Amino acid sequence: MKSSHHHRAPLISSSSSSSSSSSSNNSFVSRLLLLLTLLPVSLACLAFILQWRGGGLADPASASVRSSTSVPGGSDLNHEVFPGMETVSSVSPKAHQSSSDCSNLARSSSPSFPYYGDWKFGVDTSLKPKICITTSTSAGLDQILPWMFYHKVLGVSTFFLFVEGKAATPSISKVLESIPGVKVIYRTKELEEKQAKSRIWNETWLSSFFYKPCNYELFVKQSLNMEMAIVMARDAGMDWILHLDTDELIYPAGAREYSLRRLLLDVPPNVDMVIFPNYESSVERDDIKDPFTEVSMFKKNYDHLPKDTYFGMYKEATRNNPNYFLTYGNGKSVARVQDHLRPNGAHRWHNYMKTPNEIKLEEAAVLHYTYAKFSDFTSRRDRCGCKPTKEDVKRCFMLDFDRSAFIIASTATEEEMLSWYREHVVWGDKEVKTKLLRKGILTRIYSPMVVIQALKESGVFSSVVSSVSTNLSKKKFLSSMHKSNSSRSTASESLPAKENKSEGISARHLLGAESAVPPLSPPGMEHAKFSQRNSRF
């Protein structure tokens, strides 16, 4: 019995020790769980006490809404600072921690851009740099207003609109004239006579485009309008001037904030011209009505892609079309307003006395919404009276796709046109689309869509239109039209008369007779073959 008891003693001792250790572990775990439970509760209570003692936290969006309702007429909104429009001194370091404000827009449960209730956009005149956009357009308000106010959000303060056709009708032009910072120039007989005296007609850089119809005529007209806009920009104290069509939006990627003003503020002072490579809209449906708010997929520019990717995926990206892009691929540019500045076609600027120092942006781009609507086929066809033959379209259009589209729109039935549009424009093949998105040829860009949709929801566009219709009686309207007709001739006086001919000749002798830069297609496969041949030597 003693022996048996002797052998059991160690077992009892071991069991007692294990039980004690287990109890100790359970006690430690319980205390740890209690600590983890109490810690966040304590922090939450502390935060509540601090907030309560500090008088609460103000919601900027709500404060903006309250200010607009508490002040008659919402006059306080004139002093609201919107994205991309704050002065340099007013931007706090925290503001630079985010490269874009679009994530805040997407997450906000408050009304988007509540300070846009005042569509006049009271902008501080001390803002630098001062940016203006010039365009030649015949579009309607449904396209011009979103385009214009989107660029106001980006920091553009002044617009020189050369209008004709639909854009020049009283119902549209009066709305445009009512917007602060907008100068409307009509294509009157006086304007045409003044432009006929421009020095451009005596120079060689644009001469290859003279006296040709359709796109060539538009190209010359745009150049003459740009020349006039330079004078107006200088008189208005602008720092930068940009020529942009109303189917194009600036995408300021790479800037510290979603702002063209910020982007140009960071440009070195010795740079005369900044080139924005263009991305082209890639529609996924054939029933697009509002491209700015319905299109989010774009084809990236050659300049923003690795060359191996570009040429490796060229066939899939082109889809049996003449070129990588449907239309142009050489981007647009913004120029510093300075002496002797001149246009160099619709895509570039130049200088009579020097070769401009230019840079090309690596991230920012121009988003070109080309052929985004099926109706674009017929509208382009109706603007040109050329014969739908392969020979005659070369006389009217510079780019291959425009020529093919014009022939189809002029000869095919509605059903045939739609079928052709789906095959050459609409991206319906999900497999190819996914592949090109993964390779980076195609990309998704939502920021412009978010901004314009927010502007629309805040009532900016409707406010502009209703303001004109309610404030102008029929008598006042007719009176203002009379004044408008008088101002047209006054506006046309801003165009510079033909300057000293010898000055132009000496400048051309110094710089060479450089031709205007037309809309150019992106590099094709022959470019890759040429590069390979050169690399062997």
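Residues numbered from 1 in each chain as written. Predicted model: local features only at pLDDT ≥ 70, side-chain atom pairs only at ≥ 80, totals over all residues. Heavy atoms only, no water.

Enquirer: Explain the state of the cysteines residue by residue, including any values.
Expert: Counted under the stated rule, the structure contains two disulfides. Shown here is the disulfide that connects Cys 214 with Cys 384, its sulfur atoms set 1.7 Å apart. Residues Cys 214 and Cys 384 are joined through a disulfide that is right-handed, its torsion about the S-S bond being 80°. With Cys 214 in the loop between helix 6 (189-196) and helix 7 (215-235) and Cys 384 in the loop between helix 12 (376-382) and helix 13 (390-396), the pair connects residues that are 170 residues apart, well separated along the chain. (Disulfide = S-S within 2.5 Å. Helix = DSSP H or I, 4+ residues; strand = E, 2+ residues; numbered from the N terminus.)

Enquirer: Can you break down the layout of surface pockets residue by residue, with the values?
Expert: Considered as a void within the structure, the largest pocket measures approximately 1,600 Å³ in volume. Forming the boundary of the largest pocket are 50 residues, of which Ser 138, Leu 218, Asp 247, Arg 380 and Arg 383 lie nearest the centre. Of all the elements in the fold, those that place two or more residues in the lining of the largest pocket are strand 1 (131-137), helix 4 (141-153), helix 7, helix 9 (291-294) and helix 12. Ranked by residue count, the leading element in the lining of the largest pocket is helix 7, at six residues. (1 Å grid on protein atoms, 1.4 Å probe; cavity = no way out; pocket = protein on both sides within 12 Å on 5 of 7 lines; lining within 4 Å. Points joined across faces, edges and corners; volume = space filled by probe spheres on them.)

Enquirer: Quick one: what's the story with the pairing of strand 9 (residues 332-336), residue by residue and with numbers?
Expert: By the criterion of burial, strand 9 is predominantly enclosed, with four of the five residues buried. Where strand 4 (residues 240-243) and strand 9 come together, three bridges link them in antiparallel fashion. From the neighbouring strand, Ile 241 faces strand 9, where its bridge partner is Ala 335. Relative to strand 9, strand 6 (residues 273-276) runs antiparallel, the two being bridged by four bridges. Pairing of Ile 275 across the sheet is with Ser 333, part of strand 9. (Buried < 20%, exposed > 50% of the residue type's maximum accessible area, 1.4 Å probe, protein only. Pairing = 2+ DSSP bridges.)

Enquirer: Tell me about the pattern of salt bridges, and name the residues and values.
Expert: In a structure, side chains of opposite charge can pair up when their charged atoms sit close to one another. Inspection of the entire model under this criterion finds 22 salt bridges. Among the ionic pairs, Asp 239 bridges to Lys 128, the shortest N-O distance being 3.7 Å. Of this pair, Asp 239 sits in the loop between helix 7 and strand 4 while Lys 128 is found in the loop between helix 3 (102-107) and strand 1, placing the two residues 111 residues apart along the sequence. Look at Asp 239 and you get partly exposed, because its relative accessible area is 22%. A salt bridge links Asp 272 to Lys 354; its shortest N-O distance comes to 3.2 Å. Of the two residues, Asp 272 is situated in the loop between helix 8 (260-265) and strand 6 and Lys 354 in the loop between strand 11 (349-351) and strand 12 (358-360); the sequence distance between them amounts to 82 residues. (Salt bridge = Lys/Arg side-chain N within 4 Å of Asp/Glu carboxyl O.)

Enquirer: Kindly report on the environment of Ser 333, identifying the contributing residues and their values.
Expert: On the secondary structure map, Ser 333 appears in strand 9. As for Ser 333 and Glu 358, which are separated by 25 residues in sequence, their C-alpha atoms are 9.3 Å apart. Among the polar contacts listed, one links the side chain of Ser 333 to the backbone oxygen of His 347, at a separation of 3.1 Å. (Polar contact = N/O pair within 3.5 Å; in protein donor to acceptor, adjacent residues only side chain to side chain.)

The analysis is restricted to geometry; functional conclusions fall outside its scope.
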